[in-house]
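Survey of secondary and tertiary structure
Next come the chains, spelled out residue by residue.
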Amino acid sequence: MSRAEASHTGARGEPVEESADAGPGAGPKPRAARRPSPLWSLGLLRSELLTTFRRWRTLALLAVLAAVPVLVGIAVRIETSDGSAPGGGGGGEGPAFISQVSNNGLFLVFTALAATLPFFLPMAVGVVAGDAIAGEASAGTLRYLLVAPAGRSRLLLTKYATVLVFCLAATLVVAVSALAAGALLFPVGDLITISGTRITYAEGLGRALLIALAVAASLVGVAALGLFVSTLTGSGIAAMATTVGLLITVQILDQIPQLDALQPYFFPHYWLSFADLMREPVYWDDLVKNLGLQALYAAVFGSAAWARFTTRDITA
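Summarised in this report is the structure supplied together with it.

Cut-offs and rules
- In every chain, residue numbers begin from 1 and rise along the written sequence.
- Only residues with pLDDT of at least 70 get local features here, since the model is predicted, and only at 80 or more are side-chain atom pairs given and counted; chain-wide, interface and lining totals rely on the full set of residues.
- The side-chain values count all of the structure's non-hydrogen atoms but skip hydrogen atoms and water molecules.
- Salt bridge, as used here: a side-chain nitrogen of Lys or Arg that lies within 4 Å of a carboxyl oxygen of Asp or Glu.
- Helical segments are the DSSP runs of H or I of at least four residues, strand segments are the runs of E of at least two, and each set is numbered from the N terminus.
- Like charges within 9 Å and nonpolar side chains (Val, Leu, Ile, Met, Phe, Trp, Tyr) within 5 Å are joined into patches, using only residues over 30% in relative accessible area that form no salt bridge.
- Per-residue accessibility takes into account occlusion by the displayed protein chains alone, with areas from the Shrake-Rupley method and a 1.4 Å probe.
- Type-normalised accessible area, obtained with a 1.4 Å probe on protein chains alone, sets the label of each residue: buried when under 20%, exposed when over 50%, and partly exposed for intermediate values.
- Note on aromatic pairs: the rings of Phe, Tyr and Trp (six-membered ring only in Trp) are paired at centre separations within 6.5 Å, and the planes decide the class, stacked below 30 degrees, edge-to-face beyond 60, tilted for the rest.
- Contacts were defined at the residue level, with two residues in contact if any of their heavy atoms lie within 4.5 Å.
- For the purposes of this section, nonpolar cores are sets of buried Ala, Val, Leu, Ile, Met, Phe, Trp, Tyr and Cys residues that join through side-chain atoms within 4.5 Å.

**Quick look at the pattern of salt bridges**
Taken as a whole and assessed by the stated rule, the structure comprises six salt bridges. With its nearest N and O atoms 2.6 Å apart, the salt bridge here joins R57 to D131. Of this pair, R57 sits in helix α3 (residues 56-79) while D131 is found in helix α5 (residues 120-139), placing the two residues 74 residues apart along the sequence. Through salt bridges with shared partners, a single network forms among R55, R57 and D131.

**A short note on a nonpolar patch on the surface**
Residues L168, L172, V176, L209, L210 and L213 make up a contiguous nonpolar surface patch of roughly 490 Å² in combined accessible area. Elements that contribute at least two residues to the nonpolar patch include exactly α7 (152-185) and α8 (201-218). With respect to the helices and strands, L168 occurs in helix α7. Taking relative accessible area as the criterion, L168 reaches 34% and is therefore assigned partly exposed.

**Let's talk about the packing of aromatic side chains**
Under the definition given, this model contains seven aromatic pairs. With a centroid separation of 5.6 Å and an interplanar angle of 75°, the aromatic rings of F119 and F120 are classed as edge-to-face. A residue is classified by how much of its surface remains accessible, and F119, at 34% relative accessible area, is partly exposed. In this structure F120 comes out as partly exposed when scored by relative accessible area, which is 31%. Members of the aromatic cluster, each reached through a chain of ring pairs, are F228, F267, W271, Y297 and F301.

**Some remarks on the environment of L156**
Note on placement: L156 falls in helix α7. Judged by its relative accessible area of 6%, L156 is buried. Once you skip the residues sitting within four places of it in the chain, L156 turns out to touch I133, L227, T231, A305, W306 and F309.

**Digging into the side chain of T162**
Following the sequence through the fold, T162 ends up in helix α7. If we skip the residues at most four places from it in the chain, T162 touches L45, E48, L49 and T52.

**Considering the nonpolar core**
The tendency in soluble globular proteins is for nonpolar side chains to be buried as a group. If you look at the biggest cluster of nonpolar residues, it comprises 75 residues, and the most contacted ones within it are V109, F110, V125, I211, F267 and F274. Among the secondary structure elements, those contributing two or more residues to this core are α3, α4 (107-116), α5, α7, α8, α9 (220-230), α10 (236-253) and α11 (285-311). If sequence neighbours within four positions are ignored, V109 has contacts with A175, A178, L179 and A208.

The structure is reproduced here in C-alpha cells:
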C-alpha cells in the first residue's frame with residue numbers, strides 16, 4: 001500500500017496516515033499541520049488590500065475626501081476675488097489656517113486636513129473598519145476565509161493592517177488633492193510659520209508630509225475601535241453605523257466643559273495638535289500625547305477585538 005492510500009481522516013477531521021514503522025496494531029498518526037509561511041501572509045494582506053480598494057464604497061469615500069479640498073479652495077478663491085481676506089480667525093491653529101490660503105496655496109493642505117479630520121476622515125475609517133469582520137460575516141465569506149491556514153489571529157491582524165493602510169491612503173488623498181488645488185488656485189512660495197519665521201517652499205512640503213503622517217496616526221484609535229465593533233455583530237451596516245455613532249458621541253463629549261477632566265482621555269482630544277508642526281521650533285508635547293493616546297486605544301480595543309474574535313462561534 002502506498003502512502004497516499006494509507007492516508008485517511010481522523011475522528012476530528014484531521015488528515016492522518018499510518019506510520020511506516022508501526023506494527024499491525026498501531027493506530028493512525030496525525031499528519032503534522034503545515035504553518036503558513038510569511039510569504040503566504042503577505043499574499044493574504046495583498047488580497048485584502050486589493051479587495052478593500054476595489055470596492056465601490058471605498059472608491060466613493062476616497063472621491064469625497066479628494067473633493068473636499070477642491071471645494072474649500074474654490075470657496076476661498078471666490079471669497080477673496082475682491083481682495084478681501086478669507087474668514088477663519090487668527091492664531092493659525094486648526095481651521096484658522098484658512099486665513100493664509102490666499103497668500104500661499106500650500107496652506108490649503110493644512111486647512112483641508114483640519115477640515116476633514118474631525119468628521120470626514122474618521123467617518124471613512126470607521127466605515128472601512130466596521131465592515132472588516134462584520135461585512136465578511138454578513139456576506140457569508142468569513143467562514144471560508146478561516147478555512148485557509150491563516151488562523152483567526154493572523155486574519156484579524158491582516159484586517160487591521162488593511163484598515164491602517166486605508167488611514168494613510170485616505171490622508172494622502174486629502175493632502176495631494178489640496179496640494180494640487182492650492183497650486184492651481186493660489187500663489188505658492190516661501191511661507192510663514194505660526195511662530196512668524198519664514199521657511200522655504202521645499203521645507204513647507206516636508207512639514208506638510210509630516211502633518212499628513214501625524215493625521216494618519218491620529219486615526220489609529222478609531223481603526224481599532226471600529227475593528228472591535230466589527231467583531232461584535234454579523235451585520236456590516238450595524239457595525240459601520242455603531243462606529244460612526246460612537247465617533248460622533250465622543251466628539252460631542254469632548255466639547256462639553258463639565259467633562260474637562262475626562263477629555264484628555266478621549267481619542268479625538270489632541271487631533272488638531274498637528275498644527276504644532278508648523279511652529280518654529282516644533283512644539284512636541286501635544287503631538288506626543290496624541291500618539292500615546294492612539295497607541296493606548298489601539299492596544300485596548302485591539303486586544304478586545306482579538307479576545308472576541310478568537311472565541312466567537314463563526315456560523316457565516
